[in-house]
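# Coordinate inspection notes
One letter stands for each residue in the lines below.
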Amino acid sequence: MYKRRELVFRYEDKLRGVTGIKTIVSLSEGVAPHIYVTVLDKGIDRDKVRNRLLKDGVETGIHYTPNHLHTLYKSHTELPITEELYERLLTLPLHPDLSFNDIDYIVGRVLKAIR
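Below or above, wherever it landed, is the structure these notes cover. Everything numeric in this text was worked out from a predicted model, so none of it was measured. (Residues numbered from 1 in each chain as written. Predicted model: local features only at pLDDT ≥ 70, side-chain atom pairs only at ≥ 80, totals over all residues. Heavy atoms only, no water.)

### Quick notes on unusual backbone geometry
Counted only if it meets this: By the criteria applied, helices consist of DSSP H or I runs no shorter than four residues and strands consist of E runs no shorter than two, each listed in order from the N terminus.
Tyr64 follows His63 through a cis peptide bond whose omega is -15 degrees. Inspection of the secondary structure assignment puts Tyr64 in the loop between α2 (46-55) and α3 (80-86).

Following this line, the structure appears as structure tokens:
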């Protein structure tokens, strides 16, 4: 558990104030999150960023699909702000086997991809 917290702190330190990406992780009560979700600035194509990162060996994820877009809850309701934000979410790798060097590499690739 402590390793995840340290990795999150490393991400936070490296990404703080970077133009193009915002962190939304909270270490409330000292608990590390199970995933590391970021938000790309408007105008940055998340899918292009993901593809570039994948070419550099960095697998990312996308969390969480808005409920109204899931088949089970599908509706004709439009939630444009929710959908726009969802299109900008990008989950970066976070697991105990990562090292600080891994985080530094990932952040470097992210910075290259968003520019």
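Next comes the rest of the description.
### A look at the pattern of salt bridges
Going by this rule: When a carboxyl oxygen of Asp or Glu is within 4 Å of a side-chain nitrogen of Lys or Arg, the pair counts as a salt bridge. Only protein chains enter the area calculation, which uses a 1.4 Å probe; residues under 20% of their type maximum are buried, those over 50% are exposed, and those in between are partly exposed.
Across all of its chains, the model carries eight salt bridges by this definition. When the shortest N-O distance is used, the salt bridge between Lys14 and Asp104 registers 3.9 Å. Remark: Asp104 occurs in helix α4 (residues 100-114) and Lys14 occurs in helix α1 (residues 2-15); sequence separation between them is 90 residues. Residue Arg109 pairs with Asp56 through a salt bridge whose shortest N-O separation is 3.9 Å. Remark: Asp56 occurs in the loop between α2 and α3 and Arg109 occurs in helix α4; sequence separation between them is 53 residues. For Asp56, a relative accessible area of 21% translates into the label partly exposed. Put simply, Arg10, Lys14 and Asp104 are held in one network by salt bridges that share partners.

### Some thoughts on the pairing of strand β3 (residues 89-92)
Basically, it comes down to this: DSSP calls a pair of strands paired once it identifies at least 2 bridges connecting them.
Residues Leu89 and Thr91 line one face of β3 and the alternating positions Leu90 and Leu92 line the opposite face, and both faces are buried. Inspection of the sheet shows strand β2 (residues 36-40) paired to β3 by four bridges, in the antiparallel sense. Pairing of Tyr36 across the sheet is with Leu92, part of β3.

### A closer look at the sheet that holds β2
Inclusion rule: Angular values range over 0 to 180 degrees, each being the angle between N-to-C directions of two axes fitted as lines to C-alpha atoms, with helices fitted over their stretch in contact.
Strand order in the open sheet made by the three strands is β1-β2-β3, with antiparallel pairing throughout. With partners counted over all chains shown, the strands left at the sheet margins are β1 (21-23) and β3, one partner each. For this sheet, the mean angle separating the axes of adjacent strands, direction not counted, is 35 degrees. Here β1 runs beside β2; their pairing, made up of three bridges, is antiparallel. Of the residues in β2, the one forming a bridge with Ile21 is Leu40.

### Remarks on the side chain of Thr91
Stated formally: As used in this structure description, the phrase polar contact means that two N or O atoms lie within 3.5 Å; if the pair is within protein, one of them must be able to donate a hydrogen and the other to accept it, and residues adjacent in sequence are counted only when both atoms belong to side chains. Contact between two residues is taken to exist if any of their heavy atoms lie within 4.5 Å; hydrogens are not considered.
For Thr91, the location among the structural elements is in strand β3. Side-chain polar atoms of Thr91 contact the side chain of His63, separated by 2.8 Å. What Thr91 contacts, discounting residues up to four positions off in sequence, is Ile35, Tyr36, Val37, Thr60, Gly61, Ile62 and His63.

Honestly, that's just the spatial picture; any functional story needs more than this.
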